[in-house]
Amino acid sequence: MLCCEHIRAGYPGREVLRDVSLTVAPGESVALLGHNGSGKTTLLRVLAGQLAPDAGRVLLEGREPAALSPRERARRIAVVPQRAEFFPSQIVRDMVLLGRYAHLGWWGVYAAHDYEAADQALASAGARELAQRRMGELSGGEVQRVMLARALAQESRLLLLDELAAALDWARVVELFDLLEQRRRAGMAIVMAVHDCSLAAQYATRLVGLKQGRVLFDGPPETVFTEENLGALYDLSLCVFAHPRNGLPQALPACPHGPHHTDRETLPDPHPLSGAADGRLLSAGNAPRG
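Everything numeric here is computed off the predicted structure, so don't read it as measured data. (Residues numbered from 1 in each chain as written. Predicted model: local features only at pLDDT ≥ 70, side-chain atom pairs only at ≥ 80, totals over all residues. Heavy atoms only, no water.)

What to know about the overall build of the chain
A count of helical and extended segments in the chain gives nine helices and 11 strands. A buried classification covers 50% of the 290 residues belonging to the chain. Sequence separation of 24 or more characterises 66% of the internal contacts of the chain that already satisfy a separation of 6 or more. (Helix = DSSP H or I, 4+ residues; strand = E, 2+ residues; numbered from the N terminus. Buried < 20%, exposed > 50% of the residue type's maximum accessible area, 1.4 Å probe, protein only. Contact = heavy atoms within 4.5 Å.)

Okay, here's the thing in structure tokens:
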């Protein structure tokens, strides 16, 4: 579905991405990990066709995103940015309806099915009760839910997310990431920049570590989520262990001199994962990924 080859990109006087290659297939959820400034947002902008690479190319279903018309691109790619732009007086439902732009007819008039799609997207994102509020009245987490609803209303096959969980409480994180998992299982491709590497390991089918604009590792969590890889990615000593419920990997900083020092032996089993049941972080009754 999506392929980028040997991408070099950045901004005037500053190169950010250095020879990045990545492929994403339908039904994959790819989490981008790394320091602030490692290139995660820049890569998402390149994939979305919002930033032209200085070298290399991006192909979405065989075509370059930047070469598509805005309407064609919106049919294929939906984006939830880290910092949403909106008019404070804008009504939430009207904001979500903007996601239907790519599906409007010749006269550009919303039809009944467009309103139904917007209302369904609001419900899926847990934002139904916000429909008649003004955007300027919302908290940061509420804005993120509305922007996700707008992206879902687009009914695109590829979803790009930039730090969706940043402003959300734990209950909303689980709710929305479970929703994304359902969409992935239905065939949607997802690429998301994630600040919390343990959260990413629970929901992503692949983890891509970016450091100084280069790919440090790329693979399934069970393979690449290691103390060696994460330590090199974050320049930090980490302890990796299996989640006690589903066996997927988790990580905690190793702080041997902290005031609440816990000996390594008291952490959950840190041994290599084998035969772990697949699943997600906090929600109960999770089914295996596949």
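Brief notes about the packing of aromatic side chains
Pairs of aromatic rings are described using the distance from one ring centre to the other and the angle between the two planes. A full pass over the atoms with the stated rule returns two aromatic pairs. Judged by centre distance (6.0 Å) and plane angle (70°), the ring pair of tyrosine 110 and tyrosine 115 falls under edge-to-face. Here the basic side chain of arginine 71 rests over the ring of tyrosine 101, its NZ or CZ set 4.8 Å away from the ring centre. (Phe/Tyr/Trp six-rings, centres within 6.5 Å; stacked < 30°, edge-to-face > 60°. Lys NZ or Arg CZ within 6 Å of the ring centre and 35° of its normal.)

Comments concerning the pairing of strand β9 (residues 214-219)
In the sheet, strand β8 (residues 206-211) pairs with β9 via five bridges, with the strands oriented antiparallel. Bridging across to β9, valine 208 finds its partner in aspartate 218. (Pairing = 2+ DSSP bridges.)

Remarks on the packing of helix α5 (residues 140-153) against helix α6 (residues 170-185)
Two elements in contact, α5 and α6, have axes whose closest approach is 12 Å; the angle formed by their N-to-C orientations is 10°. When the axis of α5 is compared with that of α6, the two are roughly parallel. Across from Arg145, Leu148 and Leu152 in α5, the residues of α6 making contact are Arg172, Leu176, Leu179, Leu180 and Arg183. Among the residues making up the contact of α5 with α6, the classes are represented as five nonpolar, no polar and three charged. (Axes fitted to C-alpha atoms, helices over the stretch in contact; angles between N-to-C directions. Parallel < 35°, antiparallel > 145°, perpendicular 65-115°, else oblique. Nonpolar A, V, L, I, M, F, W, Y, C, P; charged D, E, K, R; others polar.)

Remarks on the sheet that holds strand β6 (residues 158-162)
The pairing of strands in a sheet happens through backbone hydrogen bonds and is either parallel or antiparallel. On the basis of which strands lie adjacent, the open sheet formed by six strands has the order β5-β6-β7-β3-β8-β9 and mixed pairing. Looking along the sheet, the strands with just one partner apiece sit at the ends: β5 (77-80) and β9. Geometrically, the sheet is characterised by an average inter-axis angle of 15° between neighbouring strands, direction not taken into account. Its contacts with the sheet put helix α1 (residues 40-47) on β3 (29-33), β5, β6, β7 (189-193) and β8, and the angle it makes with β6 is roughly 155°.

So, the nonpolar core
Soluble, globular proteins show a tendency: their nonpolar side chains are buried together. Val96, Leu148, Leu159, Leu161 and Leu207 are the most contacted members of the largest nonpolar core, which totals 55 residues. Here this core gets eight residues from one element, more than from any other, and that element is α5. The contact partners of valine 96, leaving out residues within four places of it in the chain, are Ala118, Ala121, Leu122, Val146, Ala149, Arg150 and Ala153. In this structure, Leu44, Leu60, Ile77 and Leu210 belong to the second largest nonpolar core, which totals 27 residues. (Core = buried A, V, L, I, M, F, W, Y, C linked by side-chain atoms within 4.5 Å.)

Side note on α1
It helps to recall that an α-helix has 3.6 residues per turn; residues three or four apart then point in one direction. Of all eight residues that make up α1, six are buried, and the element is covered over most of its length. Regarding α1, the residues found buried are Lys40, Thr42, Leu43, Leu44, Val46 and Leu47. Just downstream of α1, glycine 49 is the residue with a positive phi angle, here 80°.

Some remarks on the side chain of glutamine 202
Along the polypeptide, glutamine 202 turns up in helix α7 (residues 197-203). At a separation of 3.5 Å, a polar atom in the side chain of glutamine 202 contacts the main-chain carbonyl oxygen of proline 249. (Polar contact = N/O pair within 3.5 Å; in protein donor to acceptor, adjacent residues only side chain to side chain.)

Describing the confidence of the model for the chain
Per-residue confidence for the chain gives a mean pLDDT of 86; residues scoring 70 or more make up 87%. β3 holds the highest mean pLDDT among the elements of the chain, 98, whereas helix α2 (residues 70-76) holds the lowest, 86. Low pLDDT (under 50) marks residues 269-288, which in the prediction has 52 contacts with non-local residues, meaning those over four places away or in another chain. (pLDDT = per-residue confidence, 0-100.)

Comments concerning unusual backbone geometry
Residues other than glycine seldom take positive phi values, yet glutamate 163 does so here, at roughly 55°. By the element assignment, glutamate 163 lies in the loop between β6 and α6. Within the chain, glutamine 212 stands out as a residue other than glycine whose phi angle is a positive 50°. Tracing the backbone through its elements, the reader meets glutamine 212 in the loop between β8 and β9. Residue classification places glutamine 212 among the exposed residues on the basis of a relative accessible area of 60%.

Quick word on the sheet that holds strand β2 (residues 14-24)
If you walk across this open sheet you meet the three strands as β2-β1-β4, and the pairing is antiparallel. Across the chains shown, the open sheet's two edge strands, defined by having one partner strand only, are β2 and β4 (55-60). Strand after strand, the sheet turns through a mean of 25° between neighbouring axes, direction not considered. One ladder, built from five bridges, connects strand β1 (residues 2-11) with β4; its direction is antiparallel. Note that in β4 the partner of glutamate 5 across the bridge is arginine 57. In the packing of α1 onto the sheet, contacts are made with β1, β2 and β4, and the angle to β2 comes to roughly 60°.

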